Amino acid sequence: MADETDTGRNGPPQGAIIAVLLLALAVAVAWRVLRGRHAWDPVLNRAAHALVEGQDRPLEEVTVRGPSGVMSVPARPRLDRAGAVRLALELDRLRPSAPPAREQADAARASTLLMRGRMRGVLKTGPAEAQVVLYGLGWPWVDFASDLPGAEHGVTAPPAGALEVRKTLQDVFLSRSGAQEAREALGRHAALAPFQVEAVLAMRGALELLHATQAAEAALASVAAAHPELAGPIIEERRRAGVDGAPP
């Protein structure tokens, strides 16, 4: 009489079923771990995620009643993410290497005023908030009120809040909690809403990927598959600067 576990008439053995279930579980776990991963390096992976965060989120709308009747408007504003990335690359390319000397003070004010205006346009925020973000992304602090006590050639130390913003943005991708710390600092000291913070973190992600070693190429290729408008300018700037070994 055949054993009840015989596979000829009674289906596969229990061990084979368990193996299949374990394999399916392993695949499910791997999918959860790898889904959305742009790089094995955790710093580059966080930078790539910041670059695209929110871009695939459906644009929600709400209905409001105005003078012209009922209309639908975005429930959550969406900023020009590609414009933010291009501005970050331009800031990096034009950023002075040192605070301006006396004879360069006027030029420093003019260039900061220009970049502050560009930042205001991208983030839809005020001038003071835009300058805090500029400083957080590495632009020197320039005080436009040069007659303030302690001011020298229009350059003074930035306020304490701006020091905190710069520090959190510098360290934002070094840990899992870095992004939350940066969000809180930008909210406190630059009065940025969550959708504005996303754009700032995307700019910081672009800079991280710009200056990374060749390991960033795979992350940029992964981003480019879905968002070439975000990865393309960074790839081109890396080539121009010779970061990835290509001639400038």
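Everything numeric here is computed off the predicted structure, so don't read it as measured data. (Residues numbered from 1 in each chain as written. Predicted model: local features only at pLDDT ≥ 70, side-chain atom pairs only at ≥ 80, totals over all residues. Heavy atoms only, no water.)

Draft legend 1. Representation of the nonpolar core in the model. Ranked by size, the top nonpolar core spans 56 residues in total, and within it Leu 51, Leu 91, Met 119, Val 133, Leu 186, Leu 209 and Ile 234 carry the most contacts. Sorting elements by how many residues they give to this core places helix H9 (residues 194-211) first, with ten residues. Apart from the residues within four sequence positions on either side, Met 119 is in contact with Leu 87, Leu 91, Lys 124, Ala 130, Val 133, Leu 134, Leu 137 and Met 203. (Core = buried A, V, L, I, M, F, W, Y, C linked by side-chain atoms within 4.5 Å. Buried < 20%, exposed > 50% of the residue type's maximum accessible area, 1.4 Å probe, protein only. Helix = DSSP H or I, 4+ residues; strand = E, 2+ residues; numbered from the N terminus. Contact = heavy atoms within 4.5 Å.)

Draft legend 2. Structural context of the packing of aromatic side chains. Scanning all chains against the criterion turns up one aromatic pair. Seen from their ring centres, Tyr 135 and Trp 141 are 5.8 Å apart, and the 90° between their planes marks the pair as edge-to-face. Here Tyr 135 matches Trp 141 in class, with each residue buried. Between the NZ or CZ atom of Arg 166 and the centre of the ring of Tyr 135, over which it lies, the distance is 3.8 Å. (Phe/Tyr/Trp six-rings, centres within 6.5 Å; stacked < 30°, edge-to-face > 60°. Lys NZ or Arg CZ within 6 Å of the ring centre and 35° of its normal.)

Draft legend 3. Local environment of helix H10 (residues 216-226). Those residues of H10 not exposed but buried are Ala 216, Ala 219, Leu 220 and Val 223. Buried residues along H10 cover an arc of 95° about the axis, so they all sit on one side. Every exposed residue of H10 that faces more than 90 degrees away from the buried side is listed here: Ala 218 and Ala 225. Packing partners of the buried residues in H10 comprise helix H3 (42-52), H9 and helix H11 (228-241). (Arc of directions from axis to C-beta.)

Draft legend 4. Seen up close, the confidence of the model for the protein chain. Taken as a whole, the protein chain shows an average pLDDT of 81; of its residues, 71% reach a score of 70 or greater. Per-element averaging of pLDDT across the protein chain places helix H2 (residues 14-34) at the bottom with 52 and H9 at the top with 97. The low-confidence segment residues 4-8 (pLDDT under 50) makes four contacts with residues lying over four places distant or belonging to another chain. Every residue in residues 24-34 is under pLDDT 50, and counting partners more than four places away or in other chains gives two contacts. (pLDDT = per-residue confidence, 0-100.)

Draft legend 5. Molecular detail of unusual backbone geometry. Not every positive phi belongs to a glycine, and Lys 124 is a case in point at roughly 60°. Checked against the element boundaries, Lys 124 lands in the loop between helix H5 (105-123) and helix H6 (127-136). Since its relative accessible area comes to 59%, Lys 124 is described here as exposed. The backbone phi angle of Ala 191 is positive, close to 55°, even though this residue is not glycine.

Draft legend 6. Structural context of the pattern of salt bridges. Using the criterion set out here, one finds nine salt bridges in the structure. A salt bridge links Arg 183 to Glu 53, with the shortest nitrogen-to-oxygen separation between them at 3.4 Å. Note that Arg 183 is positioned in helix H8 (residues 178-190) and Glu 53 in the loop between H3 and strand E1 (61-66), a separation of 130 residues in sequence. We classify Arg 183 as partly exposed; its relative accessible area is 30%. Take Glu 53: its relative accessible area is 30%, and that puts it in the partly exposed class. Across the pair Asp 171 and Lys 167 runs a salt bridge whose closest N-O atoms are separated by 2.3 Å. Overall, Asp 171 belongs to the partly exposed group, its relative accessible area being 26%. Taken together, the shared-partner salt bridges connect Arg 93, Glu 237 and Arg 240 into one network. (Salt bridge = Lys/Arg side-chain N within 4 Å of Asp/Glu carboxyl O.)

Draft legend 7. Representation of the environment of His 49. Within the secondary structure, His 49 is located in helix H3. Sequence spacing of His 49 and His 38 is eleven residues, and the spatial spacing of their C-alpha atoms is 7.6 Å.

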